[in-house]
Amino acid sequence: MQSAATVLDVLRDRGRRGLPCDELYRQLFNPHLYLLAYGRLYSNDGAMTPGADGETVDDMSLGKIGRIIDALRCERYRFAPVKRVYIEKKNGKLRPLGLPSWPDKLVGEVIRLLLEAYYEPQFSGRSHGFRPGRGCHTALTEVAVNWTGSTWFIEGDLSDCFGSLDHEIMIEILAEKIHDNRFLRLLRGMLQAGYLEDWEWNATLSGAPQGGVASPILSNIYLDRLDKFVETVLIPEYTRGKLRRHNREYQKVQYALLQARKRGDRAEARRLRRRLRCLPTGDPQDPAYRRLRYCRYADLCRPRHKSAYADSWIMPSRW
């Protein structure tokens, strides 16, 4: 049996090379992946939060891992409905939160490890949410370093992003690279497991549960289409010109400064130098030059324009 690190390294290499995954489901039979998933989950506060069946991380054992693997090997494993609770948002509204059972959390974390290892090398560098080594600080650093001179910003938010993911589109996107029907059926069962509210079962016709372990990576896979569209269509179409034309006002002040120095008028030269520092060398209204910059953090959008002709776009999140 291969170690968890070996399995994930192989998947990363296949993802980096753009090769499909034909036998991903069989990796769910590897107990080392469950031990790695347990190590990542047990210290979280949510590990002691019971789902609909009342189980927590305290019920964990090697025997339970064996029973889960046996059920998966026979394709008898079924995700239980998540327990729905509501948490208050800053604006006073309530956000639904799904609490999976502990076995579902464990299997969901193994699925997340596999999907993240395979898809992470393929994600856009402009995406920062729910990714290892990235976060809101890396998104803000990209804006601070690369978006110099931006003056127009457009902000947008994908309303109810997790709850609005189309299951059929999600499975179609996964099926492009994952040629394993057993794995896709398992994911469909996870998405359509439903939820319990006041002990009444409700169907989940769309979306991934907020609070689900694999929901963040699934949303990134879904929204990667948006990243690729912006990078391959919008940015090439919007970009124009190599350099801005010279700012005429800057040139006028520069010429006046030169004349003041020739006359020996130091006071006027100091005033003009201060004025020169406040002016851009390039014309900010140059219609022949414009740029579009883009950055996404989870599901919130903040695009920004440099002027009427030069734009930038950031998509951070409320998460």
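Computed from a prediction, not measured in an experiment: that's the story for all the values here.

J.: What am I meant to see in the packing of aromatic side chains here?
T.: Counting across every chain of the model gives 8 aromatic pairs. Measuring from centroid to centroid gives 5.6 Å for Tyr25 and Phe29, while their planes differ by 90°, and the two rings are edge-to-face. Judged by its relative accessible area of 3%, Tyr25 falls in the buried class. Judged by its relative accessible area of 14%, Phe29 falls in the buried class. Where Tyr38 meets Trp102, the ring centres are 6.5 Å apart and the plane angle is 85°; that geometry is what we call edge-to-face. Of the two residues, Tyr38 sits in helix α2 (residues 31-41) while Trp102 sits in helix α4 (residues 102-119), which places them 64 residues apart along the sequence.

J.: Could you clarify how one ought to interpret unusual backbone geometry in this entry?
T.: Most peptide bonds take the trans configuration, and most residues that are not glycine carry a negative phi. The phi torsion at Glu75 lies on the positive side, around 60°, for a residue other than glycine. The exposure class of Glu75 is partly exposed, given its relative accessible area of 35%. The backbone of Phe130 sits at a positive phi, close to 55°, despite the residue not being glycine.

J.: Please explain the sheet that holds strand β4 (residues 195-197) as it appears in this structure.
T.: Sheet strands associate in pairs through backbone hydrogen bonding, adopting either a parallel or an antiparallel arrangement. Strand order in the open sheet formed by 4 strands is β2-β1-β4-β5, with mixed pairing between adjacent strands. Two strands bound the open sheet, and with one partner strand each, they are β2 (94-99) and β5 (200-202). Averaged over all pairs of adjacent strands, the angle between strand axes in this sheet comes to 45°, irrespective of strand direction.

J.: Help me understand helix α7 (residues 167-177) in this model?
T.: Note that an α-helix has 3.6 residues per turn; residues three or four places apart therefore point the same way. Buried within α7 are the following residues: His167, Met170, Ile171, Ile173 and Leu174. One side of α7 holds all its buried residues, which, seen down the axis, span an arc of 160°. Looking at the packing, one finds that the buried side of α7 touches α4, α8 (181-191) and α9 (215-238). One side-chain oxygen at the N-terminal end of α7 lies 2.9 Å from the backbone nitrogen of Glu168; it belongs to Asp166.

J.: Looking at this structure, I do not really get the packing of helix α3 (residues 62-73) against α4. What am I missing?
T.: The angle between the axes and the distance between the axes are what describe a pair of packed helices. Contact pair α3 / α4: the axes reach a minimum separation of 11 Å and the direction vectors enclose 70°. The orientation of α3 relative to α4 falls into the category roughly perpendicular. Remark: the crossing between α3 and α4 carries right-handed chirality. Contacts between α3 and α4 involve Lys64, Ile65 and Ile68 on the former and, on the latter, Trp102, Pro103, Leu106 and Val107. Partitioned by chemical class, the residues of the contact of α3 with α4 number 6 nonpolar, no polar and 1 charged.

About the cut-offs
- Residues numbered from 1 in each chain as written.
- Predicted model: local features only at pLDDT ≥ 70, side-chain atom pairs only at ≥ 80, totals over all residues.
- Heavy atoms only, no water.
- Phe/Tyr/Trp six-rings, centres within 6.5 Å; stacked < 30°, edge-to-face > 60°.
- Buried < 20%, exposed > 50% of the residue type's maximum accessible area, 1.4 Å probe, protein only.
- Helix = DSSP H or I, 4+ residues; strand = E, 2+ residues; numbered from the N terminus.
- Pairing = 2+ DSSP bridges.
- Axes fitted to C-alpha atoms, helices over the stretch in contact; angles between N-to-C directions.
- Arc of directions from axis to C-beta.
- Contact = heavy atoms within 4.5 Å.
- Polar contact = N/O pair within 3.5 Å; in protein donor to acceptor, adjacent residues only side chain to side chain.
- Parallel < 35°, antiparallel > 145°, perpendicular 65-115°, else oblique.
- Left-handed = near helix turned anticlockwise from the far one by under 90°.
- Nonpolar A, V, L, I, M, F, W, Y, C, P; charged D, E, K, R; others polar.

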